[in-house]
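Now for the letters of each chain:
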Amino acid sequence: MQEGAKTHTLEAGSDKGGMYVSLWGVENKGIRPNNTFNREGINVGFTQNLTDKFSFQGNVNYTNELNTNPPNIANQDNSIPTTLMALSNTMPLSVFNDHKYNPATGIEYIYSRFMNRTNPYWVMAEQCHNIKRDRIFGNISAKYNILSWLYVQGRFGQDYWSRDEDVNNFPT
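Residues numbered from 1 in each chain as written. Predicted model: local features only at pLDDT ≥ 70, side-chain atom pairs only at ≥ 80, totals over all residues. Heavy atoms only, no water.

### A look at the packing of aromatic side chains
The cut-off we apply is this: Note on aromatic pairs: the rings of Phe, Tyr and Trp (six-membered ring only in Trp) are paired at centre separations within 6.5 Å, and the planes decide the class, stacked below 30 degrees, edge-to-face beyond 60, tilted for the rest. Starting at the N terminus, helices and strands are each numbered in turn, a helix being any DSSP run of H or I of at least four residues and a strand any DSSP run of E of at least two. Only protein chains enter the accessibility calculation, which uses a 1.4 Å probe; a residue whose area is less than 20% of its type maximum is buried, one above 50% is exposed, and one in between is partly exposed. We call a charge positioned above a ring when the Lys NZ or Arg CZ atom is no farther than 6 Å from the ring centre and deviates by at most 35 degrees from the ring normal.
What the rule picks out here adds up to two aromatic pairs. Between phenylalanine 46 and phenylalanine 56, the aromatic rings sit 5.5 Å apart at their centres with planes inclined by 65°, giving edge-to-face as the arrangement. Of this pair, phenylalanine 46 sits in strand 3 (residues 36-49) while phenylalanine 56 sits in strand 4 (residues 54-68), and the two are 10 residues apart along the sequence. Using a relative accessible area of 32% as the deciding quantity, one classes phenylalanine 46 as partly exposed. Their ring planes at 35° and their centres at 6.5 Å tell us that phenylalanine 54 and phenylalanine 56 sit as a pair that is tilted. Linked through ring pairs, Phe46, Phe54 and Phe56 together constitute an aromatic cluster. The ring centre of phenylalanine 137 lies 4.2 Å from the NZ or CZ of arginine 135, which sits over that ring. Here the basic side chain of lysine 143 rests over the ring of tyrosine 151, its NZ or CZ set 4.3 Å away from the ring centre.

Printed below as a string of C-alpha cells:
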C-alpha cells in the first residue's frame, strides 16, 4: 500500500485545563490499480479542573471516509484472488488483459466453465464499488475526588455512523 498522511493540531492549556483541535487526513492507494482508501477527520477535546475536587473532560471526533474499489476477497463472484488461486500456473496473465472482452458480444470473455471465475482485468475495468462513511463519536466524563485515594466518576459516550454504498456487482 502507498500512503500519505497529514495532521494539523492547535492546542491551548493552563494549570486548570486545556483544549485541542486536530485536523487530519490519510490517503492510501491499494494493490489494485483503481483501489484507494481516503479518510479525513476533525478531533476536538477539552479537560477542565473546576475545583481541586471536581473535574470534567470530553472529546468529539468526526471522520469521513471513501473506499473506492476495495478488493473483493470474501466470495467467488468477481473475486480476483479466487480467480488467481484457481488458475493454471502455465497461463500467462497477459492473456486475460488482452482478452477481457469477447469481440463477438462486447461483454466479458468467458474462459472457464466455472462462470464465477471472472477475468481479473475485466473486473478492474468494469466493476465499480464505492463505500462512503461518515462517523461521529465522542465521550464526556466528570470526576469528583472524595478523598485523596477515593473518587467517583461518571462517563457517557456515543458512536453514530452512516454508510452509503454504490456497486455495480455484475453477474458473470
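### Quick notes on the pattern of salt bridges
The condition is simple: A pair is scored as a salt bridge if a Lys or Arg side-chain nitrogen falls within 4 Å of a carboxyl oxygen belonging to Asp or Glu.
Tallying each qualifying case throughout the model produces five salt bridges. In this structure, the salt-bridge partner of glutamate 65 is arginine 39, at a minimum N-O distance of 2.8 Å. Of this pair, glutamate 65 sits in strand 4 while arginine 39 sits in strand 3; the two residues are 26 residues apart in sequence, bridging distant segments of the chain. On the basis of relative accessible area, arginine 39 is assigned to the partly exposed category, the value being 29%. Residue arginine 135 pairs with aspartate 159 through a salt bridge whose shortest N-O separation is 2.6 Å. With arginine 135 in strand 5 (residues 129-147) and aspartate 159 in strand 6 (residues 150-167), the pair connects residues that are 24 residues apart, well separated along the chain. Here aspartate 159 falls in the partly exposed class, since its relative accessible area comes to 38%. What emerges from the salt-bridge pattern is a single network uniting Arg39, Glu65 and Arg133.

### A few points about the environment of glutamine 48
How we decide: The contact definition used throughout considers only heavy atoms, calling two residues in contact when any of these lie within 4.5 Å. Under the rule applied, a polar contact is a pair of N or O atoms within 3.5 Å (in protein, one hydrogen donor and one hydrogen acceptor; residues adjacent in sequence only if both atoms are side-chain atoms).
Its location among the elements puts glutamine 48 in strand 3. Owing to a relative accessible area of 28%, glutamine 48 belongs among the partly exposed residues under this scheme. Sequence separation between glutamine 48 and glycine 17 is 31 residues; the distance between their C-alpha atoms is 4.1 Å. The residues contacting glutamine 48, other than those within four sequence positions of it, are Lys16, Gly17, Ser55 and Phe56. Polar contacts involving the side chain of glutamine 48 include one to the main-chain carbonyl oxygen of lysine 16, which spans 3.3 Å.

### Brief notes about the pairing of strand 4
Definition in use: In this analysis, strands are considered paired if DSSP registers two or more bridges between them.
Pairing between strand 3 and strand 4: 14 bridges, direction antiparallel. For glutamate 40, the partnering residue across the bridge sits in strand 4 and is asparagine 64. Between strand 3 and strand 4, which pair antiparallel and follow one another directly, the connecting turn spans four residues. In the sheet, strand 4 pairs with strand 5 via 15 bridges, with the strands oriented antiparallel. By the bridge assignment for strand 5, asparagine 67 is matched with isoleucine 131.

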